[in-house]
Amino acid sequence: MAQLLLSLREAGQASKSMGLRERRDAVRLSSDVAMALASARARPSAAPRSTAWARALVARHAAEQRNEALLRRIIGGAGYEMAAAAARVRKEARSRRIVRRSRRVCSGAAGRKRRSLPLAGGGGSRCSAMAATRRMVRARLQVLRSLVPGGEAMRGLSLLTETLDYVVCLKTQVELMQCLCKGSRSQLG
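Residues numbered from 1 in each chain as written. Predicted model: local features only at pLDDT ≥ 70, side-chain atom pairs only at ≥ 80, totals over all residues. Heavy atoms only, no water.

By the naming in an unreviewed UniProt entry, the protein is BHLH domain-containing protein, taken from Miscanthus lutarioriparius.

In structure tokens form, the structure reads like this:
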């Protein structure tokens, strides 16, 4: 809560000459960064891998040049430099994945399909049901990867763990924002 208030104060000081859209973006940026920093501080040694979404979220914001001044004020110069470096590494890794996929598509390796042998005793329908289940699970994991910051690089169980942690933090963030809205309404009215 304290980190959110500090980062919102920084966003408020920067928003004197901002329009409504810029203020909205500044509030979103400050709340995302506060959530990521709070998550990283909550378990410094218990689960170091469980904050990959937090690092990815800060790196995503650091990748945008317009966020530089506000991020430097919220997380400090050294923190911003680390986040910007992570954003560059993430962009390079993503570019390498795109190149690898395009090479596979061009070589025809992606077009080959695995053939499964039918099981003895009429197990063909069971195999097709299992294949359909696998496709459905893969599709849902792909949706999760697109929702969780940094999820593109995660697989299976780590993706589910990160998703749970991210959803809990989002819920906390919403509750804090609701408390702030109620507090500001009571001061105004």
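Asker: Explain the overall build of the protein here, please?
Answerer: A count of helical and extended segments in the protein gives six helices and zero strands. Along the protein, from the amino end to the carboxyl end, the secondary structure elements read α-α-α-α-α-α. When burial is assessed residue by residue, the protein has 27% of its 189 residues classed as buried. Within the protein, residue pairs in contact and separated by at least 24 positions form 59% of the contacts whose partners lie at least 6 positions apart. Of the roughly 13,300 Å² of accessible surface on the protein, a fraction of 59% belongs to carbon and sulfur atoms. (Helix = DSSP H or I, 4+ residues; strand = E, 2+ residues; numbered from the N terminus. Buried < 20%, exposed > 50% of the residue type's maximum accessible area, 1.4 Å probe, protein only. Contact = heavy atoms within 4.5 Å. Areas by Shrake-Rupley, 256 points an atom, 1.4 Å probe, with all protein chains shown as cover.)

Asker: It is not clear to me how the pattern of salt bridges should be interpreted in this structure. Could you clarify?
Answerer: Side chains that differ in charge, positive against negative, can pair when their charged atoms come close. Under the defined criterion, the tally for this structure stands at five salt bridges. Glu68 serves as the salt-bridge partner of Arg72, at 3.1 Å between the closest nitrogen and oxygen. One end of the pair, Arg72, and the other, Glu68, are both in helix H4 (residues 68–107), four residues apart, so they sit about a helical turn from each other. For Arg72, a relative accessible area of 32% puts it in the partly exposed group. (Salt bridge = Lys/Arg side-chain N within 4 Å of Asp/Glu carboxyl O.)

Asker: Honestly, the nonpolar core in this entry has me stumped. Any pointers?
Answerer: Generally speaking, a soluble globular protein has its nonpolar side chains buried in company with each other. In this structure, Val33, Met35, Trp53, Leu71, Ile75 and Tyr80 are the most contacted members of the largest nonpolar core, which totals 24 residues. Only helix H2 (20–42), helix H3 (52–62), H4 and helix H6 (156–188) provide two or more residues apiece to this core. With seven residues, the top contributor of residues to this core is H4. Apart from the residues within four sequence positions on either side, Tyr80 is in contact with Ala62, Glu68, Leu71, Arg72 and Ile75. (Core = buried A, V, L, I, M, F, W, Y, C linked by side-chain atoms within 4.5 Å.)

Asker: I'm lost on the side chain of Ser30 in this one. Help?
Answerer: Mapped onto the elements, Ser30 comes out in helix H2. Of the residues examined, Ser30 reaches a relative accessible area of 0% and is grouped as buried. Within the structure, the side chain of Ser30 is placed 3.0 Å from the backbone oxygen of Val27, a separation counted as a polar contact. (Polar contact = N/O pair within 3.5 Å; in protein donor to acceptor, adjacent residues only side chain to side chain.)

Asker: It is not clear to me how the state of the cysteines should be interpreted in this structure. Could you clarify?
Answerer: According to the stated counting rule, one finds zero disulfides in the structure shown. The closest cysteine sulfur to the non-disulfide-bonded Cys181 is located on Cys179, 9.4 Å from its own sulfur. (Disulfide = S-S within 2.5 Å.)

Asker: Can you help me understand the confidence of the model for the protein in this one?
Answerer: Parts of the prediction with low pLDDT should not have their coordinates interpreted in detail. Confidence along the protein averages 75 in pLDDT terms, with 71% of residues attaining 70 or more. Mean pLDDT across the elements of the protein bottoms out in helix H1 (residues 2–14) (64) and peaks in helix H5 (residues 124–147) (86). (pLDDT = per-residue confidence, 0-100.)

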